[in-house]
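So the chains spell out like this:
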Number of protein chains: 2
Amino acid sequence: MLLLTEGHLGIFSSKTAASLIRYCPDEVAGVVDSHFAGRCAGEILGIGDGVPIFANVKDALLARPDTLVIGVAPVGGGLEPAWRAIVLDALRAGLNIVAGLHVALGSDGELAAAAKASGVRIFDVRESPPDIPVATMRATEVRAFRVLTIGTDCNSGKMVAALELTRAAREAGLDARFIATGQTGIMISGKGIAIDHVVSDFTAGAAERIVLDDGDADIVFIEGQGSIVHPGYSGVTLSLMHGSLPHAMVLVHAAGRRVVRKFPREVKLPTLSEMIESSESLMRPIFPSRVVAVALNTLGLSDEDARRALVDAERETGLPAGDVIRNGCGPVWNRVKEAYDEASHRNLEARPHSSV
Amino acid sequence: MLLLTEGHLGIFSSKTAASLIRYCPDEVAGVVDSHFAGRCAGEILGIGDGVPIFANVKDALLARPDTLVIGVAPVGGGLEPAWRAIVLDALRAGLNIVAGLHVALGSDGELAAAAKASGVRIFDVRESPPDIPVATMRATEVRAFRVLTIGTDCNSGKMVAALELTRAAREAGLDARFIATGQTGIMISGKGIAIDHVVSDFTAGAAERIVLDDGDADIVFIEGQGSIVHPGYSGVTLSLMHGSLPHAMVLVHAAGRRVVRKFPREVKLPTLSEMIESSESLMRPIFPSRVVAVALNTLGLSDEDARRALVDAERETGLPAGDVIRNGCGPVWNRVKEAYDEASHRNLEARPHSSV
């Protein structure tokens, strides 16, 4: 696949592209971004060494792609005007399109016609399935231990933390599943529901449904969305919390970030302790849940600064803190595993003697 | 208009019908509900003396209606099977349809065809306008003092409190507006957006937009939705709080209710003090706001029990409490007015001398 980032290539600004390079490297043929053409993704992102960046679709055909993925998730989820011509080029060149925008490209007359003419398909992964119910706490019925990543802000590493923890749990021999709740997670895992595209009365119900779908696992890691202090998206976040009803939460924070990112007003982020207190308070009346660890995203910091940020986070919260990319999942996973083991132990004890 | 409640007539179970009888009495020709046919609405609801209840549309035509309103808001917002035949009868008899369901009746082939054949219209008031943006705290830009009703639960009186306070503020000579956020409020006021039908990424943006639309008023009363402790709808509630950014909140509670109503699991409601603390905490990082009064819905209680419930609420919260229907808006409105006056005073003081 080709990743379209036209003008936006960056670890945060094109998070879909960056995540596909990180998690599906064998499937990425290159990036289309005329602003960075001729260089390789690794130079810009720190990941993706050897992934070529092309000026346009025509040049990129050399890499023999079969699909173009929209690699940017713009606020509001529209198709940027500059992208239309590129998408049309791709369709005419016989590439399928994978998009995670709020607008459905498959419903766009011009694009749909071009797809039809070329005999290719447009996949809008943010489209939600029909008949999602209102949430009724059915997530509590599954056997899986439920872990939700929550964040102080958007675009801080909640999906990455959930993916890395899933990998760690699998390495520990558990049937662990990643539950995608956003477009990029869906592209990586091949399933899930983009809950931010669901009608708000049914958003918690969507979270509930995808938990039920993977409820037979030992442990599930649910990709967090937004933040309870993000004025635009806080409702999505709370719906996810109350629909998925996690046993444990992992707090994700981009080290050093002090205000909501890319927001027209200055909104100060709460401290980690305040976030933990608020998040646990919101769960308490419905399904008490604890924040058990902090996943700090120390991208861009020196090793020394990163180490200090982790020590500070541990001191402030009294919880283990780790950067799952820089240092691996160790401390965070260990604490999640403890919580999982405790819950399994309780379940065994609670089981009637006759069935043991 | 005729109000269809078929089998559900009741002050809570058909809240749309009950509210239209309360706030638009001159426009109500009767109720269609075969379970209660031959009686009058007042006997069942305590309001609507003289509003006849008909067994079917044919009988109801005697009252010369021009519109049938779906008077029930079922969980999930579907068209109950029993209602389809009644709606078809109404369309064939030349009545317009007003509906606030999640499913759009105007997009239902059979119903749309019947409407076309009769030359009448189907109004789906829950359909939202296109191009709602992600919220960016623009609600703070308006001159209006913003009051939001919040509740411990759904279906407790948030809309009624907002409507009654609007009336009280108008009687006090202010340019006061009611801002509808749900289907019934929209039917009563003729405008607004049903925010629970908006895609979740844009739900706070919808709340922001309707506040901006009435931002030139002196004071606006924003109809609350759901509750932050309702597992199905909490995200809608938080989106509304962070989109509308109220200066003051009025807490609404159905006296004596201890668990979330009509919910398959038992979810205990927090105490009033806990609700106040949680709600103010959720606002604090973004736009600090205070709960200034309690609107207690004492429906069904004796006068003595209602009086005691109000005294208890005042003692627990330290705030004025009143039942806006039973006793009028007095104590609640007085406290809201104080908050309004304080804010106006601050604004005057903050104004540069040159412009005074």
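Asker: Looking at this structure, I do not really get the relation of the copies chain B and chain A. What am I missing?
Answerer: Note on the chain copies: they are related by a rotation about an axis and a translation along it. Superposing chain B onto chain A takes a rotation of 180° plus a shift of 0.0 Å along the axis, which leaves an RMSD of 0.0 Å. Taken together, the rotation and translation describe the operation of a two-fold axis. Of all interface residues in chain B, 100% are interface residues in chain A too; the two copies therefore contact each other through one and the same surface.

Asker: Looking at this structure, I do not really get the interface of chain B and chain A. What am I missing?
Answerer: Interfaces are often sized by the accessible area lost when the parts come together. Of the residues lining the interface, 41 residues belong to chain B; the matching set on chain A comes to 41 residues. Here chain B packs against chain A, burying approximately 3200 Å² in sum over the two surfaces, 62% of which is carbon and sulfur. Measuring nitrogen to oxygen at the nearest pair gives 3.5 Å for the salt bridge that ties Arg 126 of chain B to Asp 201 of chain A. Run the count over chain B and chain A and you get 18 residue pairs in polar contact (both at pLDDT 80 or more). Mapped by element, the contributors of at least two residues to the side of chain B that touches chain A are α8 (203-213) and α9 (234-244) of chain B. With six residues, the top contributor of residues to the side of chain B that touches chain A is α9 of chain B.

Asker: Before we go on, may I ask you to explain the pairing of strand β4 (residues 67-70) of chain A in this structure?
Answerer: Residue and element names in this part refer to chain A. Of the two faces of β4, the one lined by Thr 67 and Val 69 and the one lined by Leu 68 and Ile 70 are each fully buried. When strand β1 (residues 2-4) meets β4, the two strands line up parallel, connected through three bridges. Across the sheet, residue Leu 2 finds its bridge partner in β4, namely Leu 68. One crossover worth recording links β4 to the parallel strand β5 (residues 96-99) by way of helix α4 (residues 81-92), and it is right-handed.

Asker: Which parts of the structure should I look at to understand the environment of Gly 94 of chain B?
Answerer: Relative to the elements of secondary structure, Gly 94 of chain B occurs in the loop between α4 (81-92) and β5 (96-99). Gly 94 of chain B has contacts with Asp 66, Ser 118 and Val 120 of chain B, leaving out every residue within four places of it along the chain.

Asker: Sorry, what's going on with the pattern of salt bridges here?
Answerer: Think of it this way: side chains of opposite charge can pair up when their charged atoms draw near. On inspection of all chains with the given rule, the structure shows 46 salt bridges over all chains. Of the charged contacts, one joins Asp 153 of chain B and Arg 257 of chain B as a salt bridge, the two residues approaching to 2.8 Å between their closest N and O atoms. Taken together, the positions of Asp 153 of chain B in the loop between β7 (145-151) and α6 (158-171) and Arg 257 of chain B in the loop between β10 (248-254) and α10 (272-283) put the pair 104 residues apart, joining distant regions of the chain. As far as burial versus exposure is concerned, Asp 153 of chain B and Arg 257 of chain B are alike and both buried. Within this structure, Asp 175, Arg 177, Lys 191, Asp 214 and Asp 216 of chain A form a network of salt bridges that share partners.

Asker: Please clarify how the side chain of Arg 126 of chain B should be interpreted in this entry.
Answerer: The residue Arg 126 of chain B is located in the loop between β6 (122-124) and β7 in this model. What makes Arg 126 of chain B buried here is its relative accessible area of 6%. Among the polar contacts made by the side chain of Arg 126 of chain B, one reaches the side chain of His 102 of chain B at a distance of 3.4 Å. When near neighbours in sequence (up to four residues on either side) are disregarded, Arg 126 of chain B contacts Asp 201 of chain A together with Gly 77, Ala 99, Gly 100, Leu 101, His 102, Gln 183, Ala 194, Asp 196 and His 197 of chain B.

Asker: Would you explain α4 of chain B in this entry?
Answerer: Spacing of three or four residues puts side chains on the same side of an α-helix, whose turn is 3.6 residues. Residues and elements named next belong to chain B. The terminal C-alpha atoms of α4 lie 18 Å apart, and with twelve residues this matches the ideal 16 Å at 1.5 Å per residue to within 8%. Regarding α4, the residues found buried are Trp 83, Ile 86, Val 87, Leu 88, Ala 90 and Leu 91. Two residues or fewer past α4, Gly 94 is found with a positive phi of approximately 90°.

Asker: Looking at this structure, I do not really get the sheet that holds strand β2 (residues 30-32) of chain A. What am I missing?
Answerer: One key point about sheets: their strands pair by backbone hydrogen bonds, in either a parallel or an antiparallel sense. Residues and elements named next belong to chain A. If you walk across this open sheet you meet the six strands as β3-β2-β1-β4-β5-β6, and the pairing is parallel. The open sheet is flanked by β3 (53-54) and β6 (122-124), the only strands paired with a single partner. Across the sheet, α4 lies against β1, β2, β4, β5 and β6, angled at about 160° from β4, the strand it touches most.

Asker: What is the right way to read the pairing of strand β9 (residues 219-222) of chain B from this model?
Answerer: Regular strands place their side chains on alternate faces of the sheet. All names here are of chain B. Burial along β9 is two-sided: Ile 219 and Phe 221 facing one way and Val 220 and Ile 222 facing the other are all buried. Bridging between β7 and β9 involves four bridges; their strand directions are parallel. In the strand pairing of β9, Val 147 is matched with Phe 221.

Asker: How should I be thinking about the packing of α9 of chain B against α10 of chain B in this particular structure?
Answerer: Between two packed helices, what matters for the description is the angle formed by their axes and the separation of those axes. All names here are of chain B. Interhelical geometry of α9 versus α10 gives an angle of 55° and a closest axis separation of 10 Å. By the angle between their directions, the pair α9 and α10 is classed as oblique. You can see that α9 and α10 cross each other, and the crossing is right-handed. Of α10, the residues touching α9 (which contributes Leu 238, Met 241 and His 242) are Ser 279, Leu 282 and Met 283. Considering only residue class, the contact of α9 with α10 consists of four nonpolar, two polar and no charged.

Each value, and the rule that gives it
- Residues numbered from 1 in each chain as written.
- Chains lettered and ligands numbered in written order.
- Predicted model: local features only at pLDDT ≥ 70, side-chain atom pairs only at ≥ 80, totals over all residues.
- Heavy atoms only, no water.
- Least-squares fit on C-alpha atoms with pLDDT ≥ 70 in both.
- Contact = heavy atoms within 4.5 Å.
- Buried area = accessible area lost by both parts, 1.4 Å probe.
- Salt bridge = Lys/Arg side-chain N within 4 Å of Asp/Glu carboxyl O.
- Polar contact = N/O pair within 3.5 Å; in protein donor to acceptor, adjacent residues only side chain to side chain.
- Helix = DSSP H or I, 4+ residues; strand = E, 2+ residues; numbered from the N terminus.
- Buried < 20%, exposed > 50% of the residue type's maximum accessible area, 1.4 Å probe, protein only.
- Pairing = 2+ DSSP bridges.
- Right-handed = clockwise from strand over helix to strand, strands pointing away.
- Expected span 1.5 Å × (residues − 1).
- Axes fitted to C-alpha atoms, helices over the stretch in contact; angles between N-to-C directions.
- Parallel < 35°, antiparallel > 145°, perpendicular 65-115°, else oblique.
- Left-handed = near helix turned anticlockwise from the far one by under 90°.
- Nonpolar A, V, L, I, M, F, W, Y, C, P; charged D, E, K, R; others polar.

These figures capture arrangement, not role.
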